[in-house]
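Structural overview
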Amino acid sequence: MALLITVLNVLVVSTLGCVLPTTPELLTVWAVSSKQLRATWNITQCGLPTFTAYKCSVQYFSQWDNIARTTEVTVGRPHYGSVSLDDLIPFTLYRLRVKCRKLLDNTWSGYTPYAQARTNATAPKSAVTVGTPESTSINYRTGRRNVTVTWEPLPPIKHNGILLGYLVRVTDLRVPSGVFVFNTTVNDTTCTLEKLKLSGYRIDITAYNTEGRSPPATVEVQDIARVPDQPLDLKAETTCQDRNITLSWQPPAEFGGIEQYSVFWCELEADTNCRGNESVLSVPGTYTTTTLIDSWLPFHRYRFNVRALTSAGQGPPSDNTYKYTVEGVPSSPPTNVTVQAENATVVLVSWPPLPLVNRRGLLTAYTVYYSTDFFQDTKKTTVKVADDSLPAHSLLTDLKPFTRYSVRISASTAMGEGNKSEPAFIMTDQSAPGDAPASVITTNITTNSFVISWSPPIHPNGIILHYNVKYGGKITTFAYQTEARVVGGLKGGTNYSVQVQACTGAVESPCGPFSPVKYVQTLKGTNVRPNTVGPGASSSVAVIAGVTTAVVLVVVLVIIAWGAVSAPKLRQLYRRVSYVPKPQDFITEELPTTNGKSRHSLDQVSLVCDNMTPEIVDNVTEYRTCELGSRGPAGQSDVDTSAVNIKEETFGLGSRDPSCQSEVDASKVDIKKDCTLESNEVDYLKVVEVKDRFQDLPIIYVRRSGLTKREGDS
């Protein structure tokens, strides 16, 4: 109780010691958005801060008026005050200040100095007020008018930022696409729209600043357009240069705002009433003349008329006028041109008649251009046209054999020649070479042969397939090569006349002329066997081949003889160096088993050792059958060999498949009781001999079950 009284005394003393609250400090304000500001401040503490709370009053003013607006907030611990001012005017400067009091005391502190901040900018939210548009001038003859529109300026408080100007957009009410026909910006509150049509328009006006545009204010301009009358005094004339048709006319009596003219024409022979086959050309409304470019048919009658068009619609057609066309140059060349080689020097060119719509007159001739070079028309020939409804053709003669030509064709009327067709290409056929092989040379002359060489013809006129060599009344053919060729089978000391001829793949007469006669005198000597004629053949080659064959044969015979003499010694050497198991280590009681069944045939002589792989015995020529000395008291062998079947295929050089059924008579197997063996072979079970019957016999060593080592065995 005494402690509580002491605390209360301290609080009273503290309160009395601070009569007025201290003015808040560090007032700061900033913009949060276009409609919100936020302010903070600090309160100097008085008395015991732990038990002190404050009520603060925030007073703020807008730049547009001097009306004080106030809001209050409570500040607890820690004593940092803050407030958010909402629903403010965008892009507006505000001034504010703060005062505070203790929550249990009505005494206010003094105001802080003013702090100010501006809300953020945003797009204008209010539309301008627009007056009624006025037509300041109207020209019915040209169909144009000027329209002026005015509006009230947007109040500064509604700018919401820095106002940059006003956007004026105009759309034609007759055009559904909504394309702007007028789109401009102005800094004033009035705008004159010049040279508008007489149709109706919609005008949209918006104010804009750096953040965007305001909602549009819309007004409409009245439509005063009307359908025009028909054009007057239509005339048609033929132009001198290109033979096209030129039309001219006068505008309607009252223009009514002509936007364009539509020109219609048709050919009367194909369609007497011009129903559905009319051609149409649009001409700007300011023009009263035009030239029609078309595939005019020669000496045909055409009908023409013109209609005027305004924003209100198209008017009636003018009076018809008629005109006969004259001839012109063909508008396109012949197509589907075909070329065919008749022989090595003649090519047939043919093509269908030029379509009627492309002639533009009576065809008088076709011109055929041909050349060995691409697009180089070095030669031409003319084909007269008697009936232009029939296909045409032309024979090109005196051409070069085996040469690629390009062919192009043009058509002509009395007015001139048209364009050339796309090139068609053809290769003429092969023919015999135009000249003989050159540089014929003979070398390496012997008593019965010589070597001849030559160069190909300068004008082969095709692909050289072979050459003919003529000598002594004979002709020998060689494949296409210019290498040296051997001509053999000749007589010694004889003078031969030699000529060479080249031949191509031509169907008829493929060979060209023979080269000039060249004389060759063979050497005198002993008669020898004539050489055969062929590539690379010569007497020296035959001698070398014979000597080589003899040497090889002698070497083979020496090797065979040496092998026969050395074979037994090699076998003995093999046995000395080969490892042979000791008798005490390897013994068996029966032949090996296959799938659990005992094998009674000796297709494999099986002696198996622990941890030993099968051993291959090579080149076995004598395999003897001997018994081992029995270790039993009776001295009998452990295996009965009376019923031994040896299969031929198993022991032969062929398959070792045990399923083979061909058997060998057991009588041919030599089984001996007392054969002389090496000391380290005495205890082998069996050694089987089948003379000259098998090679590479696999030996498998089998350890006898229950075998124990004898004393002294290693």
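The preceding data block contains the structure.
Calculation notes
Residues numbered from 1 in each chain as written. Predicted model: local features only at pLDDT ≥ 70, side-chain atom pairs only at ≥ 80, totals over all residues. Heavy atoms only, no water. Helix = DSSP H or I, 4+ residues; strand = E, 2+ residues; numbered from the N terminus. Buried < 20%, exposed > 50% of the residue type's maximum accessible area, 1.4 Å probe, protein only. Contact = heavy atoms within 4.5 Å. Areas by Shrake-Rupley, 256 points an atom, 1.4 Å probe, with all protein chains shown as cover. Core = buried A, V, L, I, M, F, W, Y, C linked by side-chain atoms within 4.5 Å. Salt bridge = Lys/Arg side-chain N within 4 Å of Asp/Glu carboxyl O. Disulfide = S-S within 2.5 Å.

Along its length, the chain carries four helices and 46 strands. Relative to its 714 residues, the chain shows a buried fraction of 39%. Of all intrachain contacts in the chain linking residues separated by at least 6 positions in sequence, the fraction that spans at least 24 positions is 67%. Put simply, the chain shows about 40500 Å² of open surface, and 53% of that area lies on carbon and sulfur atoms.

Now for the nonpolar core. Here is a general trend for soluble globular proteins: nonpolar side chains tend to be buried in one another's company. Formed by 22 residues in total, the largest nonpolar core has its most connected members in V349, W351, Y366 and L396. Elements represented by at least two residues in this core include exactly β24 (338–341), β25 (347–351), β26 (363–371), β28 (392–396), β29 (404–413) and β31 (424–427). Within the second largest apolar cluster, 21 residues are counted, among which are L27, V73, V75 and A117.

So, about the pattern of salt bridges. For the structure on display, the rule yields five salt bridges. One salt bridge in this structure joins K197 and E259, with 3.3 Å as the shortest N-O distance. Of this pair, K197 sits in the loop between β12 (190–196) and β13 (201–209) while E259 sits in the loop between β17 (245–250) and β18 (260–267), and the two are 62 residues apart along the sequence. Residue classification places K197 among the partly exposed residues on the basis of a relative accessible area of 25%.

The subject of this paragraph is the state of the cysteines. All chains considered together, the criterion is met by two disulfides. There is a disulfide in this structure between C56 and C100, and the S-S distance comes to 2.1 Å. Between C56 and C100 the sulfur-sulfur dihedral comes to about 105 degrees; the bridge is accordingly right-handed. With C56 in strand β3 (residues 54–62) and C100 in strand β6 (residues 93–102), this pair connects stretches of sequence that are 44 residues apart. Covalent S-S linkage joins C503 and C511, the inter-sulfur distance amounting to 1.9 Å. Around the S-S axis, the bridge from C503 to C511 shows a dihedral of about 105 degrees and counts as right-handed. Look at C503 and you get buried, because its relative accessible area is 0%. Here C511 falls in the partly exposed class, since its relative accessible area comes to 28%.

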